[in-house]
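Summary of structural features
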Amino acid sequence: MLDNMDVKIDTSMRKVYVMKMLRLYDPDVSDIEAEAFHCALYNFDSVTKSWDPMRVEGPTFLVRRRTAPFYRLVVLNKFEHMNWIVDIPDVVNVKAQEPYLMLRYKARANADACPTTDNSDLKVVGLWSAEDDSRLKLKESIAKAVISCKAAHLGGLGIASPSSSPSVHNVG
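For the structure given in this document, a descriptive report is provided here. (Residues numbered from 1 in each chain as written. Predicted model: local features only at pLDDT ≥ 70, side-chain atom pairs only at ≥ 80, totals over all residues. Heavy atoms only, no water.)

1. Re the pattern of salt bridges
On inspection of all chains with the given rule, the structure shows 12 salt bridges. Residue D31 pairs with R64 through a salt bridge whose shortest N-O separation is 3.3 Å. Taken together, the residues span a long stretch of sequence, with D31 in strand β1 (residues 29-45) and R64 in strand β2 (residues 50-65) at a distance of 33 residues. Here R72 and D87 are joined by a salt bridge, their closest N and O atoms 2.5 Å apart. One end of the pair, R72, is in strand β3 (residues 71-75); the other, D87, is in strand β4 (residues 84-87), and 15 residues separate them in sequence. (Salt bridge = Lys/Arg side-chain N within 4 Å of Asp/Glu carboxyl O. Helix = DSSP H or I, 4+ residues; strand = E, 2+ residues; numbered from the N terminus.)

2. A short note on the nonpolar core
Nonpolar side chains tend to gather and get buried jointly when the protein is soluble and globular. Residues L62, L73, W84, I88 and I142 are the most contacted members of the largest nonpolar core, which totals 25 residues. Taken together, the elements giving at least two residues each to this core come down to β1, β2, β3, β4, β5 (91-97), β6 (100-106), β7 (122-128) and α2 (132-156). Looking at this core, the element that brings in the most residues is α2, giving 6 residues. If you look at the next biggest cluster of nonpolar residues, it comprises 9 residues, including V18, L22, F61 and L76. (Core = buried A, V, L, I, M, F, W, Y, C linked by side-chain atoms within 4.5 Å. Buried < 20%, exposed > 50% of the residue type's maximum accessible area, 1.4 Å probe, protein only.)

3. Things to note about the sheet that holds β1
If you trace the 7 strands from one edge of the open sheet to the other, you get β4-β3-β2-β1-β7-β6-β5, paired in antiparallel fashion. In this open sheet, the two strands that pair with only one neighbour each are β4 and β5. Across the sheet, the axes of successive neighbouring strands diverge by a mean angle of 30°, strand direction being ignored. Looking at chain direction, β5 and β6 are connected through 6 bridges and run antiparallel. The residue bridging A96 from the neighbouring strand is L101, located in β6. Of the strands in this sheet, β1, β2 and β3 touch helix α1 (residues 14-25), which is tilted by about 65° from β1. (Pairing = 2+ DSSP bridges. Axes fitted to C-alpha atoms, helices over the stretch in contact; angles between N-to-C directions. Contact = heavy atoms within 4.5 Å.)

4. What about the packing of aromatic side chains?
We describe a pair of aromatic rings using the distance from one ring centre to the other and the angle between the two ring planes. If you walk through the whole model with that rule in mind, you get 3 aromatic pairs. Between the aromatic rings of F44 and W51, the centroid separation amounts to 5.1 Å while the plane-to-plane angle is 55°, which identifies the pairing as tilted. What makes F44 partly exposed here is its relative accessible area of 26%. Taking relative accessible area as the criterion, W51 reaches 38% and is therefore assigned partly exposed. With 5.9 Å between their ring centres and 85° between their planes, W84 and Y105 make a pair best called edge-to-face. Placement of the pair is W84 in strand β4 and Y105 in strand β6, with a sequence separation of 21 residues. Residue class for W84 comes out buried when judged on its relative accessible area of 10%. Classification of Y105 as buried rests on a relative accessible area of 8%. (Phe/Tyr/Trp six-rings, centres within 6.5 Å; stacked < 30°, edge-to-face > 60°.)

5. Points about unusual backbone geometry
Cis rather than trans, the peptide bond between A68 and P69 has omega equal to -5°. Counting through the fold element by element, P69 comes out in the loop between β2 and β3. Between E98 and P99 the backbone carries a cis peptide bond, its omega angle lying at 0°. In this structure, P99 sits in the loop between β5 and β6. For K49, which is not a glycine, the phi torsion comes out positive at approximately 55°. Within the secondary structure layout, K49 lies in the loop between β1 and β2.

Here is the structure:
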């Protein structure tokens, strides 16, 4: 009987609702660049060379912000009240390898701490998502945001960012 029913779901208010929810945690969120309906996070243990499940799962958003850092990756954690957040200027590399999105980033105990060039503070996290399209869009959007942040950083230093530089564009 349901086979012939045309079910229509109004999703027009979804973005408004999600933006309100994100702004509860970060009032400076101005837009959603990309999202994945559900991700589960895994931490790479460099000592044992294994992936350990983190207690972090939920909808994942790449958001644009009004203040620095201008891009941020947020997983609204369904297990705990603490969400998982990485500021995009801290991302060193992003790579999609089905069904994972792997992210290497500078881990900081203090969000206001200055980034270092030392590789000892780098973390690798795998974001598992069953949605191929969302995962790939998220990867491409993160890569573009990383490039944008690098260009803004170089511009702030008075260095022109070369538009065809492989070191700037080879994020993925």
